[in-house]
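Residue-level structure breakdown
What follows is each chain in one-letter form.
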Amino acid sequence: MKRFVKLIFYIILIIFAIIFIAPLAYAIYNSLLPLDKVNHIVPLSFLSLDNYKELFTNYDILNWYKNTINMAIITLVGQLTTSLLAGYAIAKLNFKGKRVIFNIIVVTLMIPFQLLLVPLYIMVAGLGWHNSMLSLTIPFILNPLYVFMARQFFITIPNDLVEAARIDGLNHATSFFRVVLPIAKPIIITLTIFNFTQSWNAYLVPATFVSNDKMYTLVVGLNTLKDTYFNRLNLTMAGVVMITIPILLLFLVLQKYLIEGIATSGIKG
Amino acid sequence: MKENIMKKNNAGRIFLAKRSDETVTAYLFVLPAIICWILWFLIPFMRSIYISFFKYSYVTPDKNRFIGFSNYIHLFQDPKFYIALKNTLLFGAIVVPTITIVSLLLALLLNKSFKGRGAFRTIYYLPYVIAPITVATVFMYLFVKDGVMAKFFGIIGISNTTWYANIKMAMPFIGIMFIWQMVGFYMVYYLSGFQTIPSTVYESAEIDGANGFQKFRFITVPMLRPTTFLVITYATIQSFQLFDQIAAVSNASGGLGSPAGATSTLLTYFYQNSFRYYKMGYGSAIAVILFLLILLVTFIQRKFTDADGAY
């Protein structure tokens with residue numbers, strides 16, 4: 001009886017696993033097929049990388065990669081800088097206006113980003129940043145949520161540690177960089193994956209701020225590809241795989257930290 | 001290097017310099033965030049509300065003029081606005097409870113320790129990492145005419161599964177994708193929620209003779225209340241901000257919100273007015289309404305959780 005229950009339990013788990021994995025497997029499989037064989041089960045010898053070759057020769061996909069990676073790295077550096085510094089100051093240092101700043105962050109979290117889209121568009125266009133990397137990065141080097149998460153993390157660091165560094169003669173800034181930052185690895189990794197997934201998968205902003213196909217990000221490029229060649233299932237699926245695999249690999253390598261990060265840094269509103 | 005600093009700062013000087021050093025460091029540390037916040041949050045936020053009182057277009061700046069509450073009055077007489085509002089609220093009302101229940105069930109499945117638990121947890125979380133546009137693209141091809149799902153549903157007599165192009169089915173189709181993508185994420189919240197329940201509570205219930213269901217009903221569910229409110233709030237806000245899936249689905253079947261306005265939400269209607277028709281004042285008024293709606297949800301959540309004393 002007990003074994004039977006266990007069997008049912010595993011069957012349910014596996015059914016859910018299939019539901020979550022099947023669409024990706026479908027994309028990978030069809031990306032390897034010629035158009036007249038899509039949605040069919042064929043012998044392995046039919047599979048080829050032709051669609052990927054076409055994607056790389058006929059489309060600007062290398063540029064789209066470059067843009068996406070640039071966007072992700074620039075915003076990552078910016079967001080880590082703003083959130084780690086501010087998060088630490090709010091968590092561990094005493095200064096006038098600290099509570100006000102913290103409350104502002106919490107309130108800002110409630111503002112839907114879309115409310116800012118029109119003014120940001122006007123500002124970006126006014127600065128002549130349209131169709132450039134500047135428009136996709138500079139307005140986004142602060143993410144209030146990350147300041148909040150960094151603060152939650154730094155709160156858990158024992159005061160004694162900081163005190164010890166101070167007694168050793170380090171000032172507040174040096175003790176942050178030499179003592180606190182090296183042990184902030186979990187939050188840095190969590191923010192890195194959060195930021196990378198967000199940049200990598202973003203659609204609304206790149207689709208609004210960029211109209212030149214040289215400046216497309218991967219997701220925007222794929223969406224236009226799909227709209228233009230909806231009948232080319234195999235080609236679009238190759239695009240899907242090209243977008244998904246890098247972010248999936250990053251996630252699989254760092255997922256242990258990510259799931260812990262969600263659980264412990266408590267994104268509580 | 002380190003010894004150098006130590007020599008310079010003897011104990012007395014640390015004491016004297018402590019306060020000012022701390023204040024200066026703190027302000028320097030928050031400065032980058034504050035500058036960015038003023039430039040890219042405060043100013044756009046106020047400007048957005050300001051623009052909502054204007055007939056405003058980026059394309060024809062000389063024709064922009066102040067029109068007071070006209071945009072809002074117009075909005076409440078606009079049948080398309082009501083369709084968008086209805087779609088937004090209905091979508092949330094169906095998707096959010098589903099996500100809450102399914103993510104709780106998944107978390108229950110994965111709560112005990114067993115072989116392969118970590119792998120299943122990773123797999124269930126996986127969809128959340130994939131771009132919504134990508135998810136929508138794959139799902140559309142899965143459901144096309146003569147596609148895989150058409151064959152599958154053909155068995156039970158539903159052979160037309162091009163739901164994304166069907167007025168009645170387009171929104172449920174987006175709902176399915178949305179739920180598919182989000183449940184793993186909220187499952188993680190529940191998994192961490194479970195860890196806050198002390199095992200002693202279950203042990204004493206067992207002594208009192210409670211069965212599995214009773215333990216779930218009278219211990220797990222009530223003790224998870226803070227997590228549940230959190231999940232409901234975030235899922236609601238997220239569902240109000242649904243955009244990418246709609247953009248993917250409706251571009252292929254003609255314009256944002258298509259077919260025939262069936263997938264029009266507050267956000268897509270805002271986008272359409274602001275960036276397609278360049279009625280940015282009108283669009284901003286819609287965005288303000290969306291903001292008020294989210295504020296309301298957050299407020300309700302705060303009231304409940306505060307009463308609970310959990311935070």
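This is a predicted model, so every value here is computed, not measured.

Procedures and definitions
- Residues numbered from 1 in each chain as written.
- Chains lettered and ligands numbered in written order.
- Predicted model: local features only at pLDDT ≥ 70, side-chain atom pairs only at ≥ 80, totals over all residues.
- Heavy atoms only, no water.
- Helix = DSSP H or I, 4+ residues; strand = E, 2+ residues; numbered from the N terminus.
- Buried < 20%, exposed > 50% of the residue type's maximum accessible area, 1.4 Å probe, protein only.
- Contact = heavy atoms within 4.5 Å.
- Areas by Shrake-Rupley, 256 points an atom, 1.4 Å probe, with all protein chains shown as cover.
- Lys, Arg positive; Asp, Glu negative; His and termini not counted.
- Charge placed at Lys NZ, Arg CZ, Asp CG, Glu CD.
- UniProt positions renumbered as here; feature names shortened; annotations may be inferred.
- Core = buried A, V, L, I, M, F, W, Y, C linked by side-chain atoms within 4.5 Å.
- Phe/Tyr/Trp six-rings, centres within 6.5 Å; stacked < 30°, edge-to-face > 60°.
- Axes fitted to C-alpha atoms, helices over the stretch in contact; angles between N-to-C directions.
- Left-handed = near helix turned anticlockwise from the far one by under 90°.
- Buried area = accessible area lost by both parts, 1.4 Å probe.
- Salt bridge = Lys/Arg side-chain N within 4 Å of Asp/Glu carboxyl O.
- Polar contact = N/O pair within 3.5 Å; in protein donor to acceptor, adjacent residues only side chain to side chain.
- Nonpolar A, V, L, I, M, F, W, Y, C, P; charged D, E, K, R; others polar.
- Patch = residues over 30% accessible without salt bridge, like charges linked within 9 Å, V, L, I, M, F, W, Y side chains within 5 Å.
- 1 Å grid on protein atoms, 1.4 Å probe; cavity = no way out; pocket = protein on both sides within 12 Å on 5 of 7 lines; lining within 4 Å.
- Points joined across faces, edges and corners; volume = space filled by probe spheres on them.
- Expected span 1.5 Å × (residues − 1).

Now for the overall build of chain B. For chain B, the helix and strand inventory stands at 14 helices and two strands. Counting every position in chain B, which comprises 311 residues, the buried fraction comes to 51%. Counted over contacts in chain B with a minimum sequence separation of 6, partners at least 24 positions apart contribute 67%. For chain B, the accessible area works out to roughly 15200 Å², and carbon and sulfur atoms hold 67% of it. Side chains of chain B carry 26 positive and 12 negative charges; the gap between the two charge centres is 8 Å.

Looking now at the UniProt feature "transmembrane region" (unreviewed entry) in chain B. All names here are of chain B. If you check UniProt for "transmembrane region" (unreviewed entry), the listed places come out as residues 24-43, 89-110, 122-142, 173-192 and 280-300 in our numbering. Along residues 122-142 the backbone is 71% helical and 0% strand, and the end-to-end C-alpha distance reaches 24 Å. Taken end to end, residues 280-300 comprises 100% helix and 0% strand; its first and last C-alpha atoms sit 30 Å apart.

With that out of the way, let us pick up the UniProt feature "domain: ABC transmembrane type-1" (unreviewed entry) in chain A. Under the UniProt annotation, "domain: ABC transmembrane type-1" (unreviewed entry) lies at residues 65-254 of chain A. Helix makes up 74% of residues 65-254 of chain A and strand makes up 0%, while its end C-alpha atoms are separated by 21 Å.

Another aspect to go through is the nonpolar core. In terms of nonpolar packing, the biggest core is built from 188 residues, with Phe154 and Phe209 of chain A together with Tyr124 and Phe173 of chain B touching the most fellow members. Among the elements that make up this core, the one with the highest residue count is helix α8 (residues 170-194) of chain B (17 residues). The contacts of tyrosine 124 of chain B, once residues within four sequence positions are left out, are Ile12, Leu13, Phe16, Ala17 and Phe20 of chain A together with Leu106, Leu110, Gly184 and Met187 of chain B.

The subject of this paragraph is the packing of aromatic side chains. Each aromatic ring pair is described using two quantities: the centre-to-centre distance and the angle formed by the ring planes. What the rule picks out here adds up to 56 aromatic pairs over all chains. With a centroid separation of 6.2 Å and an interplanar angle of 55°, the aromatic rings of tyrosine 88 of chain A and phenylalanine 29 of chain B are classed as tilted. Of this pair, tyrosine 88 of chain A sits in helix α3 (residues 61-92) while phenylalanine 29 of chain B sits in helix α2 (residues 11-51), placing the two residues on different chains. Taking the relative accessible area as the measure of exposure, tyrosine 88 of chain A reaches 1% and is therefore buried. Judged by relative accessible area, phenylalanine 29 of chain B falls into the buried class, the value being 5%.

Residue and element names in this part refer to chain A. UniProt feature "transmembrane region" (unreviewed entry): in the numbering of this structure it lies at residues 7-29, 69-88, 100-122, 134-154, 175-196 and 235-254. End-to-end, the C-alpha atoms of residues 134-154 are 31 Å apart, and along that stretch the chain is 71% helix and 0% strand. As annotated, residues 175-196 comprises 82% helix and 0% strand, and the C-alpha atoms at either end are separated by 28 Å.

Right, let's talk about the packing of helix α4 (residues 79-111) of chain B against helix α11 (residues 225-240) of chain B for a bit. All names here are of chain B. At their nearest, the axes of α4 and α11 sit 9 Å apart, and the two run at 145° to each other. When you trace α4 past α11, the crossing you get is right-handed. Of α11, the residues touching α4 (which contributes Thr88, Leu89, Phe91, Gly92, Val96 and Thr100) are Thr228, Val231, Ile232, Ala235, Thr236, Ser239 and Phe240.

The next point concerns the interface of chain B and chain A. Listed as interface residues are 93 residues of chain B and, on the opposing side, 94 residues of chain A. Buried surface at the junction of chain B and chain A, summed over both partners, amounts to about 8600 Å²; 76% is from carbon and sulfur atoms. When the buried surface of chain B facing chain A is broken down by residue, Phe29, Trp40 and Tyr141 of chain B rank first, second and third, together holding 11% of it. At the boundary of chain B with chain A, the tally comes to one salt bridge. Note that aspartate 21 of chain B is salt-bridged to arginine 166 of chain A, the shortest N-O span being 3.6 Å. Linking chain B with chain A are 16 residue pairs in polar contact (both at pLDDT 80 or more), by the criterion used here. Looking at the side of chain B that touches chain A residue by residue, the class counts come to 69 nonpolar, 14 polar and 10 charged.

Residue and element names in this part refer to chain B. Most of helix α13 (residues 266-276) is tucked away, with 10 of its 11 residues classed as buried. When α13 is considered as a whole, its buried residues turn out to be Leu266, Leu267, Thr268, Tyr269, Phe270, Tyr271, Gln272, Asn273, Ser274 and Phe275. One or two steps after α13, the chain reaches tyrosine 278, where phi turns positive at roughly 55°.

This part is about a nonpolar patch on the surface. All names here are of chain B. Judged by side-chain polarity, Val24, Leu28, Leu31, Ile35, Ile38, Leu39 and Ile43 come together as a nonpolar surface patch covering roughly 580 Å² of accessible area. Relative to the helices and strands, leucine 31 resides in helix α2. Owing to a relative accessible area of 42%, leucine 31 belongs among the partly exposed residues under this scheme.

Glancing now at empty space enclosed by the protein. The full count for this structure, using the stated rule, is three cavities of 30 Å³ or more. Together, Pro23, Leu24, Ala27, Val240 and Thr244 of chain A together with Ile130, Thr134, Val135, Val138, Phe139 and Trp180 of chain B line the second largest cavity. Contributing elements (two or more residues each) for the lining of the second largest cavity: α1 (2-31) and α13 (233-265) of chain A together with α6 (132-142) of chain B. Of the residues belonging to the lining of the second largest cavity, the class tally is nine nonpolar, two polar and no charged.

This next bit is on the environment of tyrosine 278 of chain B. Residues and elements named next belong to chain B. Within the element layout of this structure, tyrosine 278 appears in the loop between α13 and α14 (280-308). Note: C-alpha distance between tyrosine 278 and tyrosine 58 (220 residues apart in sequence) is 6.9 Å. Look past the residues within four positions of tyrosine 278 in its chain and what remains in contact with it is Tyr56, Ser57, Val59 and Asn273.

All names here are of chain B. Between its first and last C-alpha atoms α11 spans 22 Å; for 16 residues at 1.5 Å apiece the expected length is 22 Å, and the two agree. Across the 16 residues of α11, 12 count as buried, placing the element largely inside the fold. Within the sequence span of α11, burial applies to Pro226, Thr227, Phe229, Leu230, Val231, Thr233, Ala235, Thr236, Ile237, Gln238, Ser239 and Phe240.

Put simply, the largest pocket is a space of about 570 Å³. If you go around the largest pocket, you meet 20 residues; those closest to its centre are Ile19 and Pro23 of chain A together with Phe139, Met149 and Trp180 of chain B. Those elements that place two or more of their residues in the lining of the largest pocket are α1 of chain A together with α6, α7 (148-154) and α8 of chain B. The dominant element in the lining of the largest pocket, judged by the number of residues it contributes, is α1 of chain A, at seven residues.

With that settled, the discussion passes to the side chain of asparagine 30 of chain A. The residue asparagine 30 of chain A is located in helix α1 in this model. For asparagine 30 of chain A, a relative accessible area of 0% puts it in the buried group.

Moving on, we come to unusual backbone geometry. Backbone geometry places asparagine 39 of chain A, a non-glycine residue, at a positive phi of 65°. With respect to the element layout, asparagine 39 of chain A can be found in the loop between α1 and α2 (50-58). Of note in the backbone geometry, aspartate 146 of chain B takes a positive phi value of approximately 65° without being a glycine. As for its position among the elements, aspartate 146 of chain B is in the loop between α6 and α7.

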